[in-house]
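Tertiary structure, described
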Amino acid sequence: MNRRESILREMGLGPSWQLRDRPAEAVAAPAAATEMPPQQAPVSADDRAALIAKMDWDQLKAAVADCRACALCKARKQAVLGVGDIEADWLFIGEGPGAEEDERGEPFVGQAGKLLDAMLDAIGLKRGDNVYIGNAVKCRPPSNRTPEPEETATCWPFLQRQIELIKPKLIIALGRPAAQTLLQSEVKISSSRGRLFDYQGTPVAVTYHPAYLLRNLPDKARAWEDLCFIRFQGSGSRIQ
Ligand code: URA
């Protein structure tokens with residue numbers, strides 16, 4: 001196996017060779033591409049990131065669905081890539097799937113998702129309509145804990161590729177893990193609100209995570225201020 005094949009296979013994108021006389025049900029079964037063959041060469045994080053950086057949407061979907069790069073894959077039902085308009089001007093990034101998202105394969109479909117939809121509605125936006133919603137990590141952290149830094153770091157190339165493919169006009173980080181992932185630095189929400197940061201030329205705004213707002217109702221007024229700020233960023237440009 002050459003180096004490229006080895007990398008592809010590690011990412012779950014390798015060819016799934018089958019014997020010609022295998023029964024139909026065995027052929028239809030999921031490929032064993034996600035299981036590491038014993039002779040497999042280790043793939044560096046840089047090689048993996050370089051490969052992800054060249055993927056189109058179909059390859060990205062397949063790679064995320066089959067990813068075994070961190071321990072979060074062990075307890076997930078499915079990986080959750082994201083939802084919405086893949087040419088959206090508005091990109092909202094949360095932390096990671098919860099139980100309902102893990103079940104349904106779509107981000108923000110539980111209680112926090114209902115609040116996010118209401119927040120979008122408040123500024124005239126709608127899930128799927130010039131809006132894309134994703135997460136810093138694609139697999140549910142057990143017991144909905146905050147993802148570990150190594151987990152967000154391992155998943156980061158997937159989010160980077162999503163951003164490159166979508167080319168949003170504004171990225172909105174929902175909560176600290178999303179903000180820290182996007183800005184690759186320590187971030188405090190309280191001191192980052194109402195400011196614009198930069199991710200490779202794309203402006204990034206930071207606000208509270210909807211799940212946090214469900215537990216901290218007084219901060220909803222601040223979130224409303226943030227939404228007005230976010231909406232205002234779009235009012236002078238194409239994102240209206
Ligand atoms: N919280 C998140 O950060 N993302 C989801 O998809 C759901 C809840």
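Residues numbered from 1 in each chain as written. Predicted model: local features only at pLDDT ≥ 70, side-chain atom pairs only at ≥ 80, totals over all residues. Heavy atoms only, no water.

1. What to know about helix 4 (residues 57–66)
Just so we agree on the cut-off: A 1.4 Å probe rolled over the protein chains alone gives each residue an accessible area, and that area as a share of the maximum for its type sets the label: buried under 20%, exposed over 50%, partly exposed in between. Put simply, DSSP H or I for four residues or longer makes a helix, DSSP E for two residues or longer makes a strand, and each gets a number counted from the N terminus. Directions drawn from the helix axis to the C-beta atoms are what define this arc.
All of the buried residues along helix 4 are W57, L60, A63 and V64. Down the axis of helix 4, the buried set is contained in an arc of 130°. They therefore lie on one face.

2. A word on the pairing of strand 2 (residues 90–94)
Inclusion rule: Following DSSP output, two strands are said to pair if at least two bridges run between them.
Across the five residues of strand 2, five count as buried, placing the element largely inside the fold. Burial along strand 2 is two-sided: W90, F92 and G94 and L91 and I93, pointing in opposite directions, are all buried. Sheet topology places strand 2 next to strand 3 (residues 131–135); five bridges connect them, and they run parallel. Looking across to strand 3, one finds that I93 is bridged to G134.

3. Considering the nonpolar core
The condition is simple: We define the nonpolar core as a collection of buried residues of types Ala, Val, Leu, Ile, Met, Phe, Trp, Tyr and Cys that are connected through side-chain atoms lying within 4.5 Å of one another. The contact criterion used throughout is that any non-hydrogen atoms of two residues lie within 4.5 Å.
Residues W90, F92, I133, F158, I171 and L182 are the most contacted members of the largest nonpolar core, which totals 55 residues. Sort the elements by how many residues they give to this core and helix 7 (residues 149–166) lands first, with six residues. Not counting chain neighbours up to four residues away, the residues in contact with L182 comprise I93, W156, L159, I163, I171, A173, Y199 and V204.

4. So, the site of the ligand
Condition: Near is defined per residue: the residue qualifies when any heavy atom it owns lies within 4 Å of the molecule or strand. The definition of a polar contact used here is a pair of N or O atoms within 3.5 Å, where within protein one atom must be able to donate a hydrogen and the other to accept one, and adjacent residues in sequence count solely through side-chain atom pairs. Using the Shrake-Rupley algorithm and a 1.4 Å probe, accessible areas are obtained, with residue cover drawn only from the displayed protein chains. The definitions used throughout rest on a 1 Å grid laid over the protein atoms alone, on which a cavity is an enclosed set of points accommodating a 1.4 Å probe that cannot get out and a pocket is an open set flanked by protein within 12 Å on both sides along at least five of seven lines; lining residues are those having an atom within 4 Å of a point. To qualify as sitting in a cavity or pocket, a molecule needs more than half of its atoms within 2 Å of the grid points. Put simply, Ala, Val, Leu, Ile, Met, Phe, Trp, Tyr, Cys and Pro go in the nonpolar bin, Asp, Glu, Lys and Arg in the charged bin, and everything else, Gly too, in the polar bin.
All residues adjacent to the ligand are G94, E95, G96, P97, E101, P107, F108, N135 and H209. Contact between the ligand and N135: a nitrogen atom at 2.8 Å from a side-chain N or O atom of the residue. If the ligand stood free it would expose 240 Å²; the protein chains cover 91% of that surface. For the ligand, the cavity whose grid points lie within 2 Å of the majority of its atoms is the largest pocket. In terms of residue class, the shell around the ligand is made up of three nonpolar, four polar and two charged.

5. Concerning empty space enclosed by the protein
Heads up, the condition is: Grid points are joined across faces, edges and corners, and a volume is the space filled by probe spheres set on the points.
A full pass over the atoms with the stated rule returns one cavity of 30 Å³ or more. Of the voids in this model, the largest cavity is the one considered here, and its volume is about 100 Å³. Here the lining of the largest cavity gets four residues from one element, more than from any other, and that element is helix 7. Considered class by class, the residues forming the lining of the largest cavity number 10 nonpolar, one polar and three charged.

6. Quick notes on the packing of helix 4 against helix 7
Stated formally: Axis geometry follows a simple rule: fit a line to the C-alpha atoms, using only the stretch in contact for helices, then measure angles between N-to-C directions, giving values from 0 to 180 degrees. Angles are sorted into four bins: roughly parallel if under 35 degrees, roughly antiparallel if over 145, roughly perpendicular if 65 to 115, and oblique for all others. Each helix crossing is assigned a hand: it is left-handed if the near helix lies turned anticlockwise from the far helix by less than a right angle, otherwise right-handed if that turn is clockwise.
It is the contact of helix 4 with helix 7, at a shortest axis distance of 11 Å, that shows an interaxial angle of 160°. Considering the angle they form, helix 4 stands roughly antiparallel to helix 7. Helix 7 is crossed by helix 4, and the crossing has left-handed handedness. Contacts between helix 4 and helix 7 involve W57, L60, A63 and V64 from the former and F158, R161, Q162, L165 and I166 from the latter. Per-class residue counts for the contact of helix 4 with helix 7 are seven nonpolar, one polar and one charged.

7. Quick word on the sheet that holds strand 1 (residues 82–84)
Strand order in the open sheet formed by six strands is 1-3-2-4-6-5, with mixed pairing between adjacent strands. Each edge of the sheet is formed by a strand with only one pairing partner; in this case those strands are strand 1 and strand 5 (197–199). Each strand axis lies, on average, 25° off the axis of its neighbour in the sheet, ignoring direction. Where strand 1 meets strand 3, three bridges bridge the pair, whose relative direction is antiparallel. Bridge pairing in strand 3 links G84 to Y132.

Function cannot be read off these values alone, since they describe shape.
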